[in-house]
Amino acid sequence: MEVVSYQRVSKVFNSETVALMEFDLSIKKGEFVSFLGPSGCGKSTALRLAAGLERPSNGTVKIFDKSPKKVIKQTNDIAFVFQDANLLPWRTILDNVLLPLELRGGNKKEQKKEAIRVLEMVGLKDYLDYYPRQLSGGMKMRVSIARALAAKPKILLMDEPFAALDEITRQTLQMELLDIWQKEEMTILFVTHNVFEAVFLSTRIAVMSARPGRLSSEMEVDLPFPRK
Ligand code: ADP
Ligand code: ADP
């Protein structure tokens, strides 16, 4: 099943900056696709288009054959993780993860159960009552990932989530993410400028050329260990 599709998508900012140029890509259910390319080639823009945060200047972006804006409005199918964990400093870890569930409404007890489930998944079950300032950068990113998972999205959009972390923490989180991706059966779109990260994580790499962002090639990635 096609989950995300970009059809001849162009994005022009301020009538001159061409961020994307006739970008074509089709992503199927369960894929882990990295968007790889140099800084400024339009990776974030491509991701923001899928999240309905930008509109294409030309061409179409579809999520499950609908417009991203509609999908965001009507479902919890899409979640976004940014480079910065973006946690609310005055809320505990548990309350940060609960936030998107509260906004959706429903049974409070179920919400708490689900928040604890995802925090457990990222190894933070013992930190529910901590505040963001008490956590390391890697732990904050884990909270941010848990918050995204709490609404059980079908598509996870990640924009250089590990770029600010040290090497060891990054590698740990990469392995955890692979584990989560397999358990939760999500489709992941992952922006990175790090070749090793793209090769290690993805089932497919969309290589983008510098300015204006075109798809220059696609690569299937075979890993030395089995997936699924
Ligand atoms: P990447 O994620 O690959 O670094 P971006 O998608 O962030 O690239 O940006 C692609 C190009 O579009 C860059 O030249 C950037 O300066 C420009 N750009 C991105 N967002 C905006 C915006 N909101 N307004 C104007 N220019 C933008
Ligand atoms: P809610 O429970 O209504 O979602 P929050 O728990 O997010 O609200 O925030 C509690 C209150 O604290 C809000 O009224 C918010 O405006 C206020 N607030 C905003 N910024 C800060 C801050 N930096 N420190 C403490 N409180 C803040």
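Here the structure is a predicted model, which means the values were calculated and not measured.

**Here we look at the nonpolar core**
Moving on, step 1. Counting 38 residues, the largest nonpolar core has L119, I145, L156 and I188 as the members making the most contacts within it.
Moving on, step 2. For this core, the secondary structure elements donating two or more residues are β5 (78-81), α3 (93-104), α4 (108-121), α5 (137-150), β6 (155-159), α6 (167-184) and β7 (187-192).
Moving on, step 3. The element contributing the most residues to this core is α5, with 8 residues.
Moving on, step 4. Beyond its immediate stretch of four places on either side in the chain, L119 contacts I93, L94, V97, L124, K125, L128 and A146.
Moving on, step 5. Counting 28 residues, the second largest nonpolar core, distinct from the first, contains L25, A46, I63 and V71.

**Topic: the site of ligand 2**
Moving on, step 1. Taken together, L88, W90 and R91 make up all the residues around ligand 2.
Moving on, step 2. The side chain of W90 places a nitrogen or oxygen atom 2.6 Å from an oxygen atom of ligand 2.
Moving on, step 3. Take R91: an N or O atom from its side chain is 3.1 Å from an oxygen atom of ligand 2.
Moving on, step 4. Protein burial of ligand 2: of its 560 Å² of free accessible surface, 30% is covered by the chains.

**Quick notes on the pattern of salt bridges**
Moving on, step 1. The full count for this structure, using the stated rule, is 12 salt bridges.
Moving on, step 2. E102 is the partner of R91 in a salt bridge, and the nearest nitrogen-oxygen pair spans 3.3 Å. Of this pair, R91 sits in the loop between β5 and α3 while E102 sits in helix α3; the two residues are 11 residues apart in sequence, bridging distant segments of the chain.
Moving on, step 3. Residue E102 is classed as partly exposed on the basis of its relative accessible area of 31%.
Moving on, step 4. Among the ionic contacts, a cluster of salt bridges with common partners joins E114, R117, K152 and E184.

**Describing the side chain of E31**
Moving on, step 1. Topologically, E31 is positioned in the loop between β2 (17-28) and β3 (32-36).
Moving on, step 2. Accessibility expressed as a relative area gives 13% for E31, which makes it buried.
Moving on, step 3. Within polar-contact distance, the side chain of E31 engages the backbone nitrogen of K28 at 2.7 Å.
Moving on, step 4. Excluding residues that lie within four positions of it along the chain, E31 makes contacts with S26, W181, M186, T187, I188, T203 and R204.

**Remarks on the packing of aromatic side chains**
Moving on, step 1. Across all of its chains, the model carries 8 aromatic pairs by this definition.
Moving on, step 2. What links up through ring pairs into an aromatic cluster is the set F32, F162, W181 and F190.

**Some points on the pairing of β7**
Moving on, step 1. Of all 6 residues in β7, 6 are buried, a share of seventy percent or more.
Moving on, step 2. Residues T187, L189 and V191 of β7 are buried on one face, and the alternating residues I188, F190 and T192, pointing to the opposite face, are buried as well.
Moving on, step 3. For β3 and β7, the ladder comprises 5 bridges, and the chain directions are parallel. Pairing of F32 across the sheet is with I188, part of β7.
Moving on, step 4. For β6 and β7, the ladder comprises 5 bridges, and the chain directions are parallel. Bridging across to β7, M158 finds its partner in F190.
Moving on, step 5. With respect to chirality, the unit in which β6 leads through α6 into the neighbouring parallel β7 is right-handed.

**Overview of α6**
Moving on, step 1. Counted at 1.5 Å a residue, the expected span for α6 with its 18 residues is 26 Å, and the 25 Å between its end C-alpha atoms agrees.
Moving on, step 2. Among the structural elements, β3, α4, α5, β6, β7 and α7 (195-201) are those in contact with the buried residues of α6.
Moving on, step 3. If you check the start of α6, you find a side-chain oxygen 3.2 Å away from the backbone N of I168, and it comes from D166.
Moving on, step 4. The first or second residue beyond α6 is E185, which carries a positive phi of 50°.

What counts as what
Residues numbered from 1 in each chain as written. Chains lettered and ligands numbered in written order. Predicted model: local features only at pLDDT ≥ 70, side-chain atom pairs only at ≥ 80, totals over all residues. Heavy atoms only, no water. Core = buried A, V, L, I, M, F, W, Y, C linked by side-chain atoms within 4.5 Å. Buried < 20%, exposed > 50% of the residue type's maximum accessible area, 1.4 Å probe, protein only. Helix = DSSP H or I, 4+ residues; strand = E, 2+ residues; numbered from the N terminus. Contact = heavy atoms within 4.5 Å. Near = heavy atom within 4 Å. Polar contact = N/O pair within 3.5 Å; in protein donor to acceptor, adjacent residues only side chain to side chain. Areas by Shrake-Rupley, 256 points an atom, 1.4 Å probe, with all protein chains shown as cover. Salt bridge = Lys/Arg side-chain N within 4 Å of Asp/Glu carboxyl O. Phe/Tyr/Trp six-rings, centres within 6.5 Å; stacked < 30°, edge-to-face > 60°. Pairing = 2+ DSSP bridges. Right-handed = clockwise from strand over helix to strand, strands pointing away. Expected span 1.5 Å × (residues − 1).

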